[in-house]
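A look at the structure
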Amino acid sequence: MAKTSSKYRHIGVKPVASALGAEILGVDLSRDLPDEVFGEIHAAHLEFGVIVCRGQELSPERQKILSARFGKLMSHAIARFRHPDHPEVMVMTNIKNGAVNVGASRAGFEWHSDQSYKPVPALGTLLYGIECPPEGANTEFASMYAAYDALPDARRKIVDQRSGVHDYTWAWQTFYKDRAPLTDLEKAALPPVCHRLARVHPETGRTALYVSEGMTRSIDGMAEETGRALVQELNDFATQPRFIYSHAWQPGDLVFWDNRCLLHRATPSDPQYRRVMQRTMIEDGFAAARLRDQLGVAAQ
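Residues numbered from 1 in each chain as written. Predicted model: local features only at pLDDT ≥ 70, side-chain atom pairs only at ≥ 80, totals over all residues. Heavy atoms only, no water.

Below, the discussion takes up helix α1 (residues 35-48). Helix length check: α1, at 14 residues, gives a terminal C-alpha distance of 20 Å against a target of 20 Å (1.5 Å per residue), a fit within 8%. Turning to α1, its buried residues number three or more, namely Val37, Phe38, Glu40, Ile41, Ala44, His45, Leu46 and Phe48. Along its buried surface, α1 packs onto β1 (12-15), β2 (22-25), β3 (50-53) and β16 (254-258). One or two positions beyond α1, positive phi appears at Gly49, with a value near 80 degrees. (Helix = DSSP H or I, 4+ residues; strand = E, 2+ residues; numbered from the N terminus. Expected span 1.5 Å × (residues − 1). Buried < 20%, exposed > 50% of the residue type's maximum accessible area, 1.4 Å probe, protein only. Contact = heavy atoms within 4.5 Å.)

Structure below.
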């Protein structure tokens, strides 16, 4: 087993890219994990941002049980993409039932961080590959720690003072024109929210850039076009090859990433190949507690 340091005594940890990412060896996620093994997986997740466990057999129920050890589960904002028996599980597939998509068929081709359009975003996402095309359909990840650290001083000063406007309705109308429009009820449930461009990770203390082309419409307090141009500039800077790990999927892969310190995106594949994935997301409990404190202060 490859190990990165002596702190990993119960699992193997093999880095997969220079900026982020590691493969976890010697674990069976279909079983309840001993506390010491779970603790090391958690530590590796914080250290590497993305962890990969290959050769797993996970039912939706088992994936939910594993995910819930890290925090409260979140359901996708759009009910039509949820598993019919497990609403906390999102179905991602190109399979159709007649003319109707069984799940989200085209999702996430733009760089984004999951649920950033909510007041309380996702802490982490667990994506499990059931059927994977033999080529294409990689998921790419970009380290926003490394991007923030590498920002020119002039840009970092702006980032440290500003917030991004995250807008799901805008993203849907801009990038998903092939989908049925959002209903008025769905739009009303997803108003734009603002998050700081420089985000301090609550567990590591490191600062990460928190902005994406796919969900950040513009910059709060800037003219729309000027803000959008800065969003794209920061996104392009953060997604340079030196900051990226590209995961080539195999059936049985479970990939767990930290939305607080990285971006990700899907890449295309040949539609003749079936693709079936199941996804769970974990609420950022630290952000939820901070929001509760802010609302409590505002209410006094």
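A few words now on the pairing of β2. In the sheet, β1 pairs with β2 via 4 bridges, with the strands oriented antiparallel. Residue pairing for β2: Gly12 is matched across the bridge by Leu25. Hairpin connection, β1 to β2: the antiparallel pair is bridged by 6 residues, and Gly21 has positive phi, about 95 degrees. Inspection of the sheet shows β2 paired to β3 by 2 bridges, in the parallel sense. Residue Glu23 lies in a different strand from β3, and its bridge partner there is Val52. Assessed by its sense of winding, the connection that carries the chain from β2 through α1 to β3 is right-handed. (Pairing = 2+ DSSP bridges. Right-handed = clockwise from strand over helix to strand, strands pointing away.)

Within strand β8 (residues 122-131), 8 of the 10 residues are buried, which leaves it mostly tucked inside the rest of the structure. Here β8 runs beside strand β18 (residues 276-283); their pairing, made up of 8 bridges, is antiparallel. Paired with Gly124 across the strands is Ile282, a residue of β18. Sheet topology note: the β8/β16 ladder contains 5 bridges and is antiparallel. Following the sheet pairing, Gly124 is matched in β16 by Asp258.

The tally for this structure, following the rule as stated, stands at 0 disulfides. Cys53 takes part in no disulfide bond, and the closest cysteine sulfur, belonging to Cys132, lies 15 Å away. (Disulfide = S-S within 2.5 Å.)

Strand order in this open sheet of 3 strands is β15-β9-β17, and the pairing throughout is antiparallel. The open sheet has two edge strands, β15 (244-247) and β17 (262-266), and neither has a second partner. Adjacent strand axes in the sheet meet at a mean angle of 20 degrees, parallel and antiparallel pairs treated alike. Examined bridge by bridge, strand β9 (residues 139-143) and β17 share 5 bridges and lie antiparallel to one another. In the strand pairing of β17, Phe141 is matched with His264. (Axes fitted to C-alpha atoms, helices over the stretch in contact; angles between N-to-C directions.)

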